[in-house]
Each structure stands twice: as structure tokens, then as C-alpha cells.
Amino acid sequence: MSKFIIITGGVVSSLGKGISGASIGKLLQLNGLKVNMIKCDPYINVDPGTMSPYQHGEVFVTTDGAEADLDLGHYERFLDVNMTRANTNTAGSIYQTVIDKERRGEYLGATVQVIPHITNEIKRRFTAFENEVDVSIIEIGGTVGDIESLPFLEAARQLRLEKGPKNVICVHVTLVPYIAVAQELKTKPTQHSVNKLREVGIEPSMLICRTEKPLSLHLREKISLFCSVPTQAVIECADAKSIYHVPENFYKQKVDEQIIDLLGLTPKQKVDPKWFEFFDKAMTPSKSVKIAVAGKYSELQDAYKSISEALRHAGMNNDAKVEIVFVNTEKDNVEEKLKTADGILIPGGFGGRGVDGKIATIKYAREHKIPFLGICLGMQCTVIEAARNLCGLHDANSTEFDPTTKDPVVDLTPQQKNVVYKGGTMRLGNYTADLEEGSLARKLYGKDQIVERHRHRYEFNPAYVKQLRDTGLKVSGWHEGVLPEIVERTDHPYFIAVQFHPEFGSRPLRPHPLFDGLIKAGLKRKENK
Ligand code: GLN
């Protein structure tokens, strides 16, 4: 049977609950324990798939095609466990399940209520990995005190009652702000948020205190006294050198040892410091490389979380610091911004805003032979660029941006044309692609078939494949021989664009070959400048 760690957050959002949870998970994993993580988001959307990046940041895609919170990306990168639908829950999806059951008549005779029907469904989801892992870590999104997160906290309270306090603990992530005029760290917000938790019947066993300054013993004792948590379980969580250093910071404060003790677990191995050492070494690379990420959400870095991480992983693998320059393809003078870039990446996106800037960016990368990686919309724009500028099809477009274009080089499949509901109906999750012999893709991956995650509705229209091939843009990966998955140029040192999202599969110790290839090509270009 699995043990459970409930991660809650207090005072403000964006404290990095996901990183804290994933770091605890990593440490338990380094103790030889099997861990999985579950995210609960208290909003009413069934999933974040229909939300704007301005609302939500990146939408992470699981292998089985769920659209999920970006914290699942941290979970995957820290634990190296592939996430699935069972790892992501929203209030909307929980209500949907309960309401569907009600309509089927499964509660005949009953009044369907938050307690017990909604909370039962939440508990069912909390226990999704009960028989598979030693520890399930459950992160409850939002901040304690929010109306929306109440049913989740109530379900956590019930779970602890049912399974017993030795099997379920709560770790509360909170803020200890520094007030500059008083030159003091303040513990009151933490005291209040722990009180809020207590009001709903949850006693935290450990407090992760986000702080800008070191927490003195005196402050730890004060927090301990007011929040009823042992002093050693008041954990200082200052901004780390990188997110991958957080597990080491926690290890030094014996977070894993304390949790193992609280839950009565038996470690299966001694923590090997190799993981920590790898990231310490990665902090002092001997080289650097500048990569321009050209999209329309440039001011919102959470929108490109997995992309940034994948670039960093590839940098670490090549002893290089990756300087990421975000280029706003809607507002910036792209040519000016791209001048100093050693490599260019165009990420995925939706809607026509900024597309002209993306096309100009691709033209620049193609003509100036700057290493280039296009992802999803980035591949679709690559196709449009070549059609317009090399085939003379001046009207060429995606029907997403111009439904009446004379040359729909990117278009919906007949199946997508019939879609009415927008939620969860894109081409989502894992699909295979067969790689052409002799292609760059085949060389980079070192195999002839790959499986990658998708999230898109539109496709490179196969009717234009031949015409574009004649200009040097060839398809090097196909899904079941019918859908183009990868395009690349033969007259360029590194120019490849893919319909899928390789960024989701990158791991700190196992960078994705397409990102690794971009960094290698960028470094080479820099050397030869
Ligand atoms: N908007 C494009 C489509 O739906 C690309 C999506 C993406 O980049 N993820 O096909």
C-alpha cells in the first residue's frame, strides 16, 4: 500500500509547490522508493487545454494525450516517470465524472453533494497509484483559504482519517517575506496560513518556507512554536542556483529522513550524491551559446517552460550555458534581435498573431544558415515560408489563419473538420513517426521509428509535399506514411522542424536529440564565426 504526502500552499501562489513536491519525490526516489505524483487544480475547466498561456502558462501534454498543468513537466523531469491522465485532476473533471454518474443513475435516490460524492471522487483519484508505488505525492493547486480548493483539502483530511496519520502527511509550502524597512523576515503570514489549514482539520507535519534570506534558528523556533511543527521540520527554501539544486538543499536539511520517519518507510538504498554532483558541475560550463526563442508569448516565460528546460538540458550535455533570448514575433524587429543568435527556435502556438514575424524569422534562419528548430506551429510556419518565398505561392497559408487561402499548405484533416467540441479533441499524445533513411532526423535519433507527443489540429497538407521538396524542404518523418511529421533542409547545416513537441520528452540527464543537435550546431557556428 502506498503512503501519501499532501502538498499544500499558503500565503501566495507561485511559491514553487511543484518544484518542492518534485524535489521531495526525487529524494525519496534516491532512497530507493517508488514514487508517483498527482496534481489537483481547483479550477472548473475540465483541463487547461482551452486556456490561454496568459492564464495558465504552458499546457503540458502527457504520453496518453492529457492536457495538463506545467507542474507535470517538473514531475517528469525530476522523477523521470512518464505522466498520464491519472496524474492530473481538475475540479472540472471531477465534477464532470460525478455529474455523468448522476445522469447514468448511479446515485439513484440520493442527493448528490460535495461531501461525500465530490470528495469520494477526489479520494478515488488521490489513490490512483495506491497499489503501484511506495509514496504518492499529491499537490493541491491554489492557496489555502481559497474557496475552490476546499473540497480537495476536505478529501485530504478524510484520507488521513481513513488511512491513519502514519500513512498520510501534509507538507505545507509557505512564504516568509523579508520586509526591507524593518530588515526582518516576517513569520505572521505563515502562522495565518497554517491556522487556515487547521481550520479545515489539517495539521501540517513539515513547513517548506520560501524565503529570500536565511532562516535563523530563532525564527525556526518561533515558527515551530506558533505552527506546532518540530523545529527541524521548518525547512528553509531560499532561491536555489537552479531548480535542480532544490533536492540537494532539502537533503541537507534531512527532509527525506524526516518524511521517511514520519511515514514509517524503509529506504531501499543509501542516497547516491551523483545526482547532486551532476548539477553542481553543470553550473560552471566552459562554453556559452545564445538561442533565440521566437514566439508571441515572449514576456510570459511560463508559456515556454519545457522548451527552456529542454534547451538547458542540452546545454548541460554540451558543457555550455544556454542564453535564451525571447523574441516577440508580433512586436519586435526580428532581424535586429536575431543578429547575435547562434541558434533559433520557433515554439508551438495558436492563432495568427505574430505569424508574419515567425515567417520572417524562418527566412532569416534559412538564408543566414543559422541552426533552426521549429516545433508544431514552428513547423507549419516553416512550410508556409517555403511555399511563399521559394515556390512563389504568395497566398500560401494555414487555414487556421486564412480559411479561404488559395494554397492551404497547412490544413485540417477531414476528421478534424468535423470536430465540434474544442476541448480535448486535438491530435493529442503519443504517435509514431517513421524516419527516412539518410535524413538528419534519422541521424539525430539514431533509429528509424520514434514516438513523440502531439498537440495540434492542423497538418502539413500532403498535396504540397512534392512541390516543397523541389525547393530543398523535404519530409523526413511520416506518421503511417500519410501525415508529414518532420521537415528538414538539405542545403543548411541544421534546419529541422517537427509537428510534435520534443520538449516534453527532454530530461536533465537525457537531453532530447533535436535540442542536443540545435545546441551542438549553435556551438559549431559560434566557433566558426
Ligand atoms: N495551431 C496549430 C494547430 O493547431 C499548432 C499547434 C501547436 O503549435 N501546438 O495545429
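One can find the structure itself at the top, above this paragraph.
Residues numbered from 1 in each chain as written. Predicted model: local features only at pLDDT ≥ 70, side-chain atom pairs only at ≥ 80, totals over all residues. Heavy atoms only, no water.

As a further point, take the pairing of strand 15 (residues 372-375). Of the two faces of strand 15, the one lined by Phe372 and Gly374 and the one lined by Leu373 and Ile375 are each fully buried. Judged from the three bridges that link them, strand 14 (residues 343-346) and strand 15 form a sheet pairing that is parallel. Note on strand 15: the bridge partner recorded for isoleucine 344 is phenylalanine 372. In this structure, strand 15 lies alongside strand 23 (residues 495-498), joined through four bridges in parallel fashion. If you follow phenylalanine 372 over to strand 23, its bridge partner there is phenylalanine 495. (Buried < 20%, exposed > 50% of the residue type's maximum accessible area, 1.4 Å probe, protein only. Helix = DSSP H or I, 4+ residues; strand = E, 2+ residues; numbered from the N terminus. Pairing = 2+ DSSP bridges.)

Around the ligand, the surrounding shell consists of Gly348, Gly349, Phe350, Cys376, Leu377, Gln380, Glu400, Arg455, His456, Arg457, Tyr458 and His501. Contact distances for the ligand include 3.0 Å between an oxygen atom and a backbone N or O atom of leucine 377. Protein contact buries 98% of the 300 Å² of open area that the ligand shows by itself. Every element with two or more residues in the shell around the ligand is listed here: helix 15 (377-389) and strand 19 (449-456). Here the shell around the ligand is built from residues that sort into four nonpolar, five polar and three charged. (Near = heavy atom within 4 Å. Polar contact = N/O pair within 3.5 Å; in protein donor to acceptor, adjacent residues only side chain to side chain. Areas by Shrake-Rupley, 256 points an atom, 1.4 Å probe, with all protein chains shown as cover. Nonpolar A, V, L, I, M, F, W, Y, C, P; charged D, E, K, R; others polar.)

Read across the open sheet, the three strands follow the order 16-17-20; overall the sheet is mixed. On the outer flanks of this sheet lie strand 16 (397-398) and strand 20 (458-460), each paired with one strand and no other.

Our focus in this paragraph is the pattern of salt bridges. This structure, assessed with the given rule, holds 39 salt bridges. A salt bridge links aspartate 302 to lysine 305; its shortest N-O distance comes to 3.4 Å. With a relative accessible area of 23%, lysine 305 lands in the partly exposed category. Where glutamate 309 meets arginine 312, a salt bridge forms, and the shortest distance between an N and an O atom there is 3.4 Å. Here the residue glutamate 309 and the residue arginine 312 both occupy positions in helix 12 (residues 305-317), the gap between them amounting to three residues, near one helical turn. (Salt bridge = Lys/Arg side-chain N within 4 Å of Asp/Glu carboxyl O.)

Okay, the environment of proline 53 next. Note on placement: proline 53 falls in helix 2 (residues 53-56). Of the residues examined, proline 53 reaches a relative accessible area of 17% and is grouped as buried. The sequence separation of proline 53 and tyrosine 297 amounts to 244 residues, and the corresponding C-alpha distance is 7.6 Å. Once residues lying within four places of it in the same chain are set aside, the contact partners of proline 53 are Tyr297, Leu300 and Ala303. (Contact = heavy atoms within 4.5 Å.)

As a further point, take the pairing of strand 12 (residues 287-295). In this structure, strand 12 lies alongside strand 13 (residues 320-328), joined through nine bridges in parallel fashion. Across the sheet, the residue bridging to serine 288 is lysine 321, located in strand 13. With helix 12 bridging strand 12 and the parallel strand 13, this β-α-β connection has right-handed handedness. (Right-handed = clockwise from strand over helix to strand, strands pointing away.)

The strands making up a sheet associate through backbone hydrogen bonding, with each pair oriented either parallel or antiparallel. The nine strands are arranged 13-12-14-15-23-22-21-18-19 in an open sheet whose pairing can be described as mixed. Edge positions in the sheet fall to strand 13 and strand 19, since each of these pairs with one other strand and no more. Across the sheet, the axes of successive neighbouring strands diverge by a mean angle of 25°, strand direction being ignored. In this structure, strand 21 (residues 473-479) lies alongside strand 22 (residues 483-489), joined through six bridges in antiparallel fashion. (Axes fitted to C-alpha atoms, helices over the stretch in contact; angles between N-to-C directions.)

Attention shifts here to the packing of aromatic side chains. Inspection of the entire model under this criterion finds 11 aromatic pairs. One aromatic cluster in this structure is built from Phe78, Tyr244, Trp275, Phe278 and Phe279. Between lysine 213 and the ring centre of tyrosine 178, over which it is positioned, the NZ or CZ distance is 4.6 Å. Between arginine 427 and the ring centre of tyrosine 431, over which it is positioned, the NZ or CZ distance is 4.3 Å. (Phe/Tyr/Trp six-rings, centres within 6.5 Å; stacked < 30°, edge-to-face > 60°. Lys NZ or Arg CZ within 6 Å of the ring centre and 35° of its normal.)

This part covers the packing of helix 14 (residues 355-367) against helix 15. In the contact formed by helix 14 and helix 15, the axes pass within 9 Å of each other and the chain directions differ by 70°. Taken together, helix 14 and helix 15 sit at an angle that is classed as roughly perpendicular. Residues Val355, Asp356, Lys358, Ile359, Ile362, Lys363 and Arg366 of helix 14 touch helix 15, and the partners they reach there are Leu377, Gly378, Cys381, Thr382, Ile384, Glu385, Arg388 and Asn389. When grouped by side-chain class, the residues that make up the contact of helix 14 with helix 15 number six nonpolar, three polar and six charged. (Parallel < 35°, antiparallel > 145°, perpendicular 65-115°, else oblique.)

Moving on to helix 8 (residues 217-227). Along helix 8, the residues classified as buried are Leu219, Arg220, Ile223, Ser224 and Cys227. Projected down its long axis, helix 8 shows its buried positions confined to an angular sector of 140°, all on one face. Away from its buried face by more than 90 degrees, helix 8 exposes Leu217, His218 and Leu225. Buried residues along helix 8 sit against strand 9 (184-185), helix 7 (188-199), strand 10 (206-211) and strand 11 (234-238). Looking one or two residues past helix 8, serine 228 carries a phi angle of roughly 60°, positive in sign. (Arc of directions from axis to C-beta.)

Any functional reading would require information beyond the geometric quantities listed.
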